[in-house]
Amino acid sequence: MIRAAYLRVYLPERDAGTWDPHVDIGSDGRLTMGEIGVWRESLRNDAFVAEWDGRRWVCPRYPRLRMLEGLVAFRNAYPGIAGTALAPERTVRTAAEELERLYRSRPSARSYILTSSWHVPLRWFAAFEPAEREFVERRDGSRTVRYRTGLAAAINRLDDAADVLDEAGFDEAIVEPVNDLRAWLDEFPLDAMVELDYGSVAASFSDADLALDDTAADIAASLAALRDDDFDRASEFYASAAARWSAAQALTFSN
């Protein structure tokens, strides 16, 4: 089973329209095979529902849309032989055609969820303050880490992070992913809520490690040090965050 972490955007319930709440029925580890690949999650167009800051929030799942976008994005990112072997041209063309039909039939449809296999990308933490971290116990008794914040605040923090990295002289390969994340968030209303959920990636860590996880604080401290032109301390804090995730991230690149 591939473990995954999620970045989700939630709309205020009054603005989200009518959705059936998503019910997590668990997984027995089996995959479902279709014409464009395999998947584990339900393909119902339901939504996650959350209570935060005294309000009720809704995150539409659009699972089919996300599956199609993910396949096309993968093929665009890996156009060579390896990409062709995992995502044949005919399959990707079929997915792209269906995606185009879906966009035409539902112009408002979009991905409210970003997924990362095996780890949480460190740039995601730049959208949150360390104080927004929650250590959460799930229904099955397992524990995970979650961050929630307002979308406007998340965008401002990512703007600031990109400016700091740019002014510090980092090249486009470092700055562009932060700007891309900010651009994705910019598609949503400013009164939305953003959630970083460790998801099943939390199972890669012990409860003690999760309780002590302070990645957002390390990233915030690294950026603060860069603002002060203290590159040694910036490197120290970033290295601490990277080391925490290195083993999990390595699984992304293994067979």
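Residues numbered from 1 in each chain as written. Predicted model: local features only at pLDDT ≥ 70, side-chain atom pairs only at ≥ 80, totals over all residues. Heavy atoms only, no water.

Peer 1: So what about the overall build of the protein chain? Which residues, and what values?
Peer 2: What the protein chain contains, in helices and strands, is 9 helices and 9 strands. Taking all 255 residues of the protein chain together, the buried fraction comes to 40%. The long-range share in the protein chain, meaning contacts at least 24 apart out of those at least 6 apart in sequence, stands at 73%. For the protein chain, the computed accessible surface area is about 14100 Å², with 51% contributed by carbon and sulfur atoms. (Helix = DSSP H or I, 4+ residues; strand = E, 2+ residues; numbered from the N terminus. Buried < 20%, exposed > 50% of the residue type's maximum accessible area, 1.4 Å probe, protein only. Contact = heavy atoms within 4.5 Å. Areas by Shrake-Rupley, 256 points an atom, 1.4 Å probe, with all protein chains shown as cover.)

Peer 1: Explain the pattern of salt bridges to me, and be specific about the residues and the numbers.
Peer 2: In this structure the tally under the stated criterion is 18 salt bridges. In this structure, R61 engages D46 in a salt bridge whose closest nitrogen and oxygen atoms are separated by 2.4 Å. Remark: D46 occurs in the loop between strand 3 (37–39) and strand 4 (47–52) and R61 occurs in the loop between strand 5 (55–60) and helix 1 (63–77); sequence separation between them is 15 residues. With a closest N to O distance of 2.7 Å, E134 and R146 form a salt bridge. Taken together, the residues span a long stretch of sequence, with E134 in strand 7 (residues 133–137) and R146 in strand 8 (residues 143–150) at a distance of 12 residues. With a relative accessible area of 25%, E134 lands in the partly exposed category. Here R146 falls in the buried class, since its relative accessible area comes to 19%. Through salt bridges with shared partners, a single network forms among R8, R148, E195 and D197. (Salt bridge = Lys/Arg side-chain N within 4 Å of Asp/Glu carboxyl O.)

Peer 1: Describe in detail the pairing of strand 8, supporting the description with residues and values.
Peer 2: Among the 8 residues in strand 8, 6 count as buried, and that is most of the element. Relative to strand 8, strand 7 runs antiparallel, the two sharing 5 bridges. When the bridges of strand 8 are listed, V136 appears paired with T144. Two successive antiparallel strands, strand 7 and strand 8, enclose a turn made up of 5 residues, where G141 displays a positive phi of approximately 90 degrees. Where strand 8 meets strand 9 (residues 193–197), 5 bridges bridge the pair, whose relative direction is antiparallel. Pairing of Y147 across the sheet is with L196, part of strand 9. (Pairing = 2+ DSSP bridges.)

Peer 1: Before we move on, can you summarise unusual backbone geometry with the specific residues and values?
Peer 2: For W118, which is not glycine, the phi torsion reads 75 degrees and is therefore positive. Note that W118 resides in the loop between strand 6 (113–117) and helix 4 (122–125). The residue D229 is not glycine, and still its phi comes out positive at about 60 degrees. Checked against the element boundaries, D229 lands in the loop between helix 8 (215–227) and helix 9 (231–250). The class of D229 is exposed, set by a relative accessible area of 59%.

Peer 1: I'd like a description of helix 5 (residues 151–167), backed by residues and values.
Peer 2: Spanning 17 residues, helix 5 covers 24 Å between terminal C-alpha atoms, matching the ideal 24 Å at 1.5 Å per step. What helix 5 keeps buried is the set L151, A154, I155, R157, L158, A161, A162, V164 and L165. Its buried side turned inward, helix 5 meets strand 1 (4–12), helix 4, strand 8, helix 6 (172–185), strand 9 and helix 8. (Expected span 1.5 Å × (residues − 1).)

Peer 1: An account of the packing of helix 5 against helix 6 is requested, with residue identities and associated values reported.
Peer 2: Relative orientation of the contacting elements helix 5 and helix 6 amounts to 160 degrees, with a least axis distance of 9 Å. Relative to helix 6, helix 5 is oriented roughly antiparallel. For the element pair helix 5 and helix 6, the recorded crossing hand is left-handed. On helix 6, the residues that touch L151, A154, I155, L158, D159, A161, A162, L165 and D166 of helix 5 are I174, V175, V178, N179, L181, R182 and L185. Among the residues making up the contact of helix 5 with helix 6, the classes are represented as 12 nonpolar, 1 polar and 3 charged. (Axes fitted to C-alpha atoms, helices over the stretch in contact; angles between N-to-C directions. Parallel < 35°, antiparallel > 145°, perpendicular 65-115°, else oblique. Left-handed = near helix turned anticlockwise from the far one by under 90°. Nonpolar A, V, L, I, M, F, W, Y, C, P; charged D, E, K, R; others polar.)

Geometry only, nothing functional implied.
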